[in-house]
Amino acid sequence: MNSQTYIAVAIVVLAVVAFLVFVVRKGKRKGRLTPLAGLAFAFILAGLFFGDNRVVGYGLLGVGVVLAVIDIFKKSMAG
């Protein structure tokens, strides 16, 4: 797979996450990050920093996105 495919997949995932955030959480705003969201943020930053090696960089970014989506679903199910 070439880099354009990875970019397209990342954009689609970002759009799905944005859709879930805006539709599922209508009007609910909380300013604090959960520990899972903080861990997802750390993985995404690590993926950006280690982006020289594509496998490691995209792997870390993928783990961060998956953790962020899990955190969104946990928050939406909790209330």
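Residues numbered from 1 in each chain as written. Predicted model: local features only at pLDDT ≥ 70, side-chain atom pairs only at ≥ 80, totals over all residues. Heavy atoms only, no water.

Caption draft 1: Inspection of the overall build of the protein at higher detail. Across its full length, the protein holds three helices and zero strands. Secondary structure elements in the protein, listed N-terminal to C-terminal, are α-α-α. Classification of the 79 residues of the protein by burial places 15% in the buried group. Working note: accessible area of the protein is about 6100 Å², and carbon and sulfur atoms make up 72% of it. (Helix = DSSP H or I, 4+ residues; strand = E, 2+ residues; numbered from the N terminus. Buried < 20%, exposed > 50% of the residue type's maximum accessible area, 1.4 Å probe, protein only. Areas by Shrake-Rupley, 256 points an atom, 1.4 Å probe, with all protein chains shown as cover.)

Caption draft 2: Region of the structure containing the pattern of salt bridges. What the rule picks out here adds up to one salt bridge. Residues Lys-75 and Asp-71 are paired through a salt bridge, measuring 3.9 Å at the closest nitrogen-oxygen approach. One end of the pair, Lys-75, and the other, Asp-71, are both in helix H3 (residues 54-78), four residues apart, so they sit about a helical turn from each other. Accessibility expressed as a relative area gives 7% for Asp-71, which makes it buried. (Salt bridge = Lys/Arg side-chain N within 4 Å of Asp/Glu carboxyl O.)

Caption draft 3: Structural context of a nonpolar patch on the surface. Together, Phe-41, Leu-45, Leu-48, Phe-49, Phe-50 and Val-56 make up an exposed nonpolar region whose accessible area comes to about 630 Å². For the nonpolar patch, the element with the most residues is helix H2 (residues 35-49), which contributes four residues. Following the sequence through the fold, Leu-45 ends up in helix H2. We classify Leu-45 as partly exposed; its relative accessible area is 31%. (Patch = residues over 30% accessible without salt bridge, like charges linked within 9 Å, V, L, I, M, F, W, Y side chains within 5 Å.)

Caption draft 4: Up close: the environment of Ala-10. You can see Ala-10 is positioned in helix H1 (residues 3-24). Distance in space between the C-alpha atoms of Ala-10 and Leu-61 is 9.2 Å, their sequence separation being 51 residues.

Caption draft 5: Quick look at the packing of H2 against H3. Two numbers describe how H2 lies on H3: the axes approach to 7 Å, and their chain directions differ by 160°. One element, H2, and the other, H3, form an angle in the roughly antiparallel class. Considering only the axes of H2 and H3, their crossing is left-handed. Of the residues in H3, those touching H2 at Leu-36, Ala-37, Leu-39, Ala-40, Phe-43, Ile-44, Ala-46, Gly-47 and Leu-48 are Gly-57, Leu-60, Leu-61, Val-63, Gly-64, Val-65, Leu-67, Ala-68, Ile-70, Asp-71 and Lys-74. (Axes fitted to C-alpha atoms, helices over the stretch in contact; angles between N-to-C directions. Parallel < 35°, antiparallel > 145°, perpendicular 65-115°, else oblique. Left-handed = near helix turned anticlockwise from the far one by under 90°. Contact = heavy atoms within 4.5 Å.)

Caption draft 6: Region of the structure containing the confidence of the model for the protein. A residue-level look at the protein finds 84% of positions with pLDDT of 70 or above and a mean pLDDT of 81. In the model of the protein, H1 stands out as the element of lowest mean pLDDT, 76, in contrast to H3, which has the highest, 90. (pLDDT = per-residue confidence, 0-100.)

Caption draft 7: Highlighting H3. For H3, built from 25 residues, the straight-helix expectation of 36 Å at 1.5 Å per residue is met to within 8% by its first-to-last C-alpha distance of 36 Å. When we look at burial in H3, the residues that qualify are Gly-57, Leu-60, Gly-64, Leu-67, Asp-71 and Ile-72. (Expected span 1.5 Å × (residues − 1).)

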